[in-house]
Amino acid sequence: MNVGYVGLGNMGGALARRLQLAHPLRVYDLDQHAVARMVEAGATACASLGEVARACDIIFLCLPKSEHVRAAVFDPDGLAGALRPGALLVDQTTGDPKVTRQLAHLLAARGVALIDAPVSGGAAGAKAGTISIMLGAGEAERARIAPLLTAISPNVFHAGDVGAGQVMKLVNNMISGAQRLLSMEGLALAAKSGVDPSRALEILVAGGARNAYLDKQAPSILRGQLEVGFTLGLMAKDMRLACEFGADSGVPQFFASVAHEVYKLCISQIGADAQVTAAAQVIDRLAGSHVVGSIHR
Ligand code: NAD
């Protein structure tokens, strides 16, 4: 069985690296530096999507948006024209469940399955082999992909049929994305009111406000370290998708809508390529507080 990985950025690169420990990979990315890093880790480079499709039975994709997945599959020089009959595509992009289901439907007509397996836990979680994988797949594909997914991480959660992994990933990021902004505001309020941010953080993680952002990222932010390998642009995309999905489903999105607006504001201030954690700098600026880097002051 030959396995391919397409999309070797911050997340895809970390997932592919982890998978490569258990199974040899053929890899492809538009960015040659990303390919070279994977070749160094033992993978075989492919020169085109067609080459990946001709060589592989199972192909993972981790691209910025579902639109990139659609293009990588169905553009004239994409995967679809060269896929082996019975091939399986595993989409690890955080994407739009509607598009995922549509692509799966179109590929099924060609005898190819597409399932979704987006992740939560960042590149660090992928590297440590602890990342959470949300699987949307029917029973046959679930059994077929289980050994490879568990090689990435044992934390594989079957959410339901195709698209259900994307649904859960959007729900996850809608909650975590809003929660991180509220946590930033809370720390700004404490700091502006004269409480040392480190002390405020210590108190919050011991109380009912505790969350993954306060636990894992806020300590680095207080030290002025903002690099997490996840951009504001990707976070805003997830919020937008969650809000659209909520609107389509008739579910209110009060908090997610506000959070989406705040991420758009942050992007207007510091750009989509800034780290998601840099939103704390924007909140500091708006609040007149000094949370980011406060440990060194
Ligand atoms: P990234 O921008 O770092 O990487 C994307 C990669 O895709 C780039 O290397 C780019 O060259 C490549 N690419 C784009 N179009 C391509 C194509 N047609 N063919 C081949 N390669 C192509 O993004 P990322 O942070 O790795 O995120 C990827 C996905 O994972 C996104 O949907 C994101 O929301 C999700 N995600 C990211 C994180 C994280 O911590 N970074 C966490 C969970 C989920």
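Refer to the structure above for everything that follows.
First things first, this report covers the structure right here in the doc.

Reading guide: rules and limits
Residues numbered from 1 in each chain as written. Predicted model: local features only at pLDDT ≥ 70, side-chain atom pairs only at ≥ 80, totals over all residues. Heavy atoms only, no water. Buried < 20%, exposed > 50% of the residue type's maximum accessible area, 1.4 Å probe, protein only. Helix = DSSP H or I, 4+ residues; strand = E, 2+ residues; numbered from the N terminus. Pairing = 2+ DSSP bridges. Near = heavy atom within 4 Å. Polar contact = N/O pair within 3.5 Å; in protein donor to acceptor, adjacent residues only side chain to side chain. Areas by Shrake-Rupley, 256 points an atom, 1.4 Å probe, with all protein chains shown as cover. Domains from an automatic or database assignment. Phe/Tyr/Trp six-rings, centres within 6.5 Å; stacked < 30°, edge-to-face > 60°.

Re the pairing of strand E8 (residues 132-136)
Alright, step 1. With four of five residues buried, E8 lies mostly within the body of the structure.
Alright, step 2. In this sheet, E8 lies alongside strand E7 (residues 119-120) in antiparallel orientation, the contact comprising two bridges. From the neighbouring strand, Ser 120 faces E8, where its bridge partner is Ser 132.
Alright, step 3. In terms of strand pairing, E8 meets strand E9 (residues 156-160) through four bridges, oriented parallel. Considered in E9, the bridge of Gly 136 is made with Gly 160.

Overview of the site of the ligand
Alright, step 1. Every one of the 21 residues lining the ligand counts as a neighbour, but Met 11, Asp 29, Pro 64, Gly 229 and Lys 237 are closest to it.
Alright, step 2. Within the backbone of Leu 63, an N or O atom sits 3.1 Å from an oxygen atom of the ligand.
Alright, step 3. Within the backbone of Gly 229, an N or O atom sits 2.8 Å from a nitrogen atom of the ligand.
Alright, step 4. For the ligand, whose free accessible area comes to 830 Å², the fraction covered by protein is 85%.
Alright, step 5. Of all the secondary structure elements, the ones that give two or more residues to the shell around the ligand are helix H1 (10-20) and helix H11 (232-249).
Alright, step 6. Counting residues per element, the shell around the ligand draws most heavily on H1, which supplies three residues.
Alright, step 7. Mapping the shell around the ligand onto the domain boundaries places at least three of its residues in each of domain 1 (3-161) and domain 2 (167-287).

Side note on the packing of aromatic side chains
Alright, step 1. One pass over the structure, following the stated rule, counts one aromatic pair.
Alright, step 2. Geometrically, the ring pair formed by Tyr 5 and Phe 60 is stacked, given 5.4 Å between the ring centres and 5° between the ring planes. With Tyr 5 in strand E1 (residues 3-6) and Phe 60 in strand E4 (residues 58-61), this pair connects stretches of sequence that are 55 residues apart.
Alright, step 3. Given the relative accessible area of 0%, Phe 60 is considered buried.

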